[in-house]
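Spelled out, the chains give:
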Amino acid sequence: MLDLTELSFYGSEFDRAAHLRSKFNNTKIESIAKNLIIWRGKILIDQNNFSLVYLSSTHPLIKHSNVPPIFLGQVDKFNYFAHDISNWNPEDLPDNIKPSFIDQTSQSHPDLPFYQNFNDLRFIMTQLSDMEAGLASTAKALFSWHNNNTFCSKCGNKTVSTQSGWQRDCNKCNTSQYPRTDPVVIMLITQGNKILLGRSPQWPEKMYSCLAGFIEPGETMEAAVAREVKEETNIDISHVNYVISQPWAFPSSLMLGCMAKAITREITIDQNELEDAQWVSKDVLLKAYAGYDVGITPARPGTIAEFLIQNWVKGTLTHKK
Ligand SMILES: [Zn+2]
């Protein structure tokens, strides 16, 4: 049995209550609503218990937001909204925050208690409950989509948020746009008691993970798995099976976890994509998990790659017959 509690953003099926999207329509938010806050893609959490912070609908921070709110859905009959306050410019924001794999800094707003601050969802995702991780991930993906679609792709006119943040309309050419999700295949490729792992040059030192890539237009999931593995490592595969999926709001992917069998062994990497790829045995992975330096650090907890690898090591993930 696969242990699904180890997969972040899984089991977070809050009620999206799509029939209510036209009701709120970016106007008034009821006073008892739960309002979660996002700043430049980072989530406002309470550091004491690693839960989302919900502000009252009359909080000044919400009033200062210059972006329409998003109606996320309902949990226990409460309506949940998300607000983007990216227009807040902290005076003391260090200018040394460089683009990195994961942003481990947090920021505090002067109108909020010091223990409530903004954090990278990737940094805190395993500490949030499934439901809250799902709400935060949905809000993050939607605001990212809004930020990148302020103009109509057909006529170039400005678009406006409608349907409580689930649609953008161009009033000039009457075109509507909808939030997109990009399918990505991520695959565990086996060869006996070894799996194929690779690393990108920008990853933390020694970190290895499953190969992955975007599905292209007109392509099946199975064909994308075979193509990506061939392109990146020159390995041929067979027996592609779908295992499980994970929404990945960085910025808007749906990871489709698959496994397949290798039918060739010799690796030739695509140096534009990978820094290294190798066959890694169960023994080496067990030593890595036990903390020994074997030159390989497994993927991060909560990710679908780590979920596939761990379950294969434990024997709970096997090829379908
Ligand atoms: Zn237009």
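These numbers were taken from a predicted model, which means no experiment stands behind them. (Residues numbered from 1 in each chain as written. Predicted model: local features only at pLDDT ≥ 70, side-chain atom pairs only at ≥ 80, totals over all residues. Heavy atoms only, no water.)

**Focus on the domain arrangement of the protein**
A common way to express how large an interface is: the accessible area buried when the components associate.
Now for step 1: Splitting the protein by domain gives domain 1 (18-177) and domain 2 (182-314).
Now for step 2: Placing a centre on the C-alpha atoms of domain 1 and another on those of domain 2 gives a separation of 31 Å.
Now for step 3: When residues of the side of domain 1 that touches domain 2 are traced back to their parent elements, those giving at least two are α3 (121-124) and α4 (130-147).
Now for step 4: Sort the elements by how many residues they give to the side of domain 1 that touches domain 2 and α4 lands first, with four residues.
Now for step 5: In terms of residue class, the side of domain 1 that touches domain 2 is made up of five nonpolar, three polar and three charged. (Domains from an automatic or database assignment. Helix = DSSP H or I, 4+ residues; strand = E, 2+ residues; numbered from the N terminus. Nonpolar A, V, L, I, M, F, W, Y, C, P; charged D, E, K, R; others polar.)

**Description of the packing of aromatic side chains**
Now for step 1: Going through the model one piece at a time under the given rule, you end up with nine aromatic pairs.
Now for step 2: Summarising the aromatic geometry, the rings of tryptophan 88 and phenylalanine 118 are spaced 6.0 Å apart at their centres and angled 40 degrees between planes, so their arrangement reads as tilted. Of this pair, tryptophan 88 sits in the loop between β6 (78-84) and β7 (116-119) while phenylalanine 118 sits in strand β7; the two residues are 30 residues apart in sequence, bridging distant segments of the chain.
Now for step 3: Taken together, the aromatic side chains of Phe9, Trp248 and Phe250 make up a single cluster linked through ring pairs.
Now for step 4: Arginine 21 extends its terminal NZ or CZ atom over the ring of tryptophan 166, reaching a point 3.8 Å from the ring centre.
Now for step 5: The cationic tip of lysine 34 hangs over the ring face of phenylalanine 78; the distance from NZ or CZ to the ring centre is 5.0 Å. (Phe/Tyr/Trp six-rings, centres within 6.5 Å; stacked < 30°, edge-to-face > 60°. Lys NZ or Arg CZ within 6 Å of the ring centre and 35° of its normal.)

**Remarks on the pattern of salt bridges**
Now for step 1: Inspection of the entire model under this criterion finds 11 salt bridges.
Now for step 2: For arginine 227, the salt bridge identified is with glutamate 228, shortest N-O distance 3.1 Å.
Now for step 3: We classify arginine 227 as buried; its relative accessible area is 16%.
Now for step 4: Put simply, aspartate 236 and lysine 230 hold a salt bridge, and the shortest N to O gap is 3.1 Å.
Now for step 5: Several salt bridges share partner residues, and in doing so they unite Glu216, Glu219, Arg227, Glu228 and Glu231 into one network. (Salt bridge = Lys/Arg side-chain N within 4 Å of Asp/Glu carboxyl O. Buried < 20%, exposed > 50% of the residue type's maximum accessible area, 1.4 Å probe, protein only.)

**Topic: the nonpolar core**
Now for step 1: Leu72 and Leu188 are the most contacted members of the largest nonpolar core, which has 49 residues in total.
Now for step 2: Looking at which domains feed residues into this core, each of domain 1 (18-177) and domain 2 (182-314) supplies at least three.
Now for step 3: Residues Leu196, Ile215, Met221 and Ala260 belong to the second largest nonpolar core, which totals 20 residues. (Core = buried A, V, L, I, M, F, W, Y, C linked by side-chain atoms within 4.5 Å.)

**Quick look at the sheet that holds strand β10 (residues 175-177)**
Paired through backbone hydrogen bonds, the strands of a sheet run either parallel or antiparallel to each other.
Now for step 1: Spatially, the three strands line up as an open sheet ordered β8-β9-β10, and their pairing is antiparallel. Both edges of this open sheet fall to β8 (159-162) and β10, since each of them pairs with a single strand only. Taking each pair of neighbouring strands and ignoring which way they run, the sheet shows an average axis angle of 30 degrees.
Now for step 2: Relative to β10, strand β9 (residues 167-170) runs antiparallel, the two being bridged by three bridges. (Pairing = 2+ DSSP bridges. Axes fitted to C-alpha atoms, helices over the stretch in contact; angles between N-to-C directions.)

**So, the coordination of the zinc ion**
Now for step 1: Bound to the zinc ion on the protein side are Cys152 (SG), Cys155 (SG), Cys170 (SG) and Cys173 (SG), at distances that span 2.3 to 2.4 Å.
Now for step 2: Of note is the zinc ion, whose four donor atoms meet at the metal with angles of 100 to 115 degrees in an arrangement that counts as tetrahedral. (Donors = N, O, S within 2.8 Å, 3.2 Å for Na, K, Ca; no water. Tetrahedral: all angles 85-135°; square planar, octahedral: opposite > 155°, others 65-115°.)

**Notes on the packing of helix α6 (residues 282-289) against helix α7 (residues 304-314)**
For any two helices packed against each other, one specifies the crossing angle of their axes together with the interaxial distance.
Now for step 1: The N-to-C vectors of α6 and α7 enclose an angle of 115 degrees; their axes lie 10 Å apart at closest approach. Judged by the inter-axis angle, α6 sits roughly perpendicular to α7. Both α6 and α7 take part in a crossing whose hand is left-handed. Counted together, Lys282, Leu285, Leu286 and Tyr289 of α6 and Glu306, Ile309, Gln310, Trp312 and Val313 of α7 form the full contact between these two elements. (Parallel < 35°, antiparallel > 145°, perpendicular 65-115°, else oblique. Left-handed = near helix turned anticlockwise from the far one by under 90°. Contact = heavy atoms within 4.5 Å.)

**Here we look at the environment of serine 281**
Now for step 1: Locating serine 281 in the fold gives a position in strand β16 (residues 276-281).
Now for step 2: Of the residues examined, serine 281 reaches a relative accessible area of 13% and is grouped as buried.
Now for step 3: Spatially, the C-alpha atoms of serine 281 and leucine 196 are 9.1 Å apart, while their sequence positions differ by 85 residues.
Now for step 4: A polar side-chain atom of serine 281 sits 3.2 Å from the main-chain amide nitrogen of valine 284. (Polar contact = N/O pair within 3.5 Å; in protein donor to acceptor, adjacent residues only side chain to side chain.)

**Focus on α7**
Now for step 1: Counting buried residues along α7, nine of its 11 residues qualify, which places the element largely inside the surrounding structure.
Now for step 2: Those residues of α7 lying buried are Ile304, Ala305, Glu306, Phe307, Leu308, Ile309, Asn311, Trp312 and Val313.
Now for step 3: Contacts made by the buried residues of α7 are with β11 (182-191), β12 (194-199), β14 (237-248), β15 (253-262) and α6.
Now for step 4: Of the residues flanking the end of α7, it is glycine 315, one or two places downstream, whose phi is positive at about 85 degrees.

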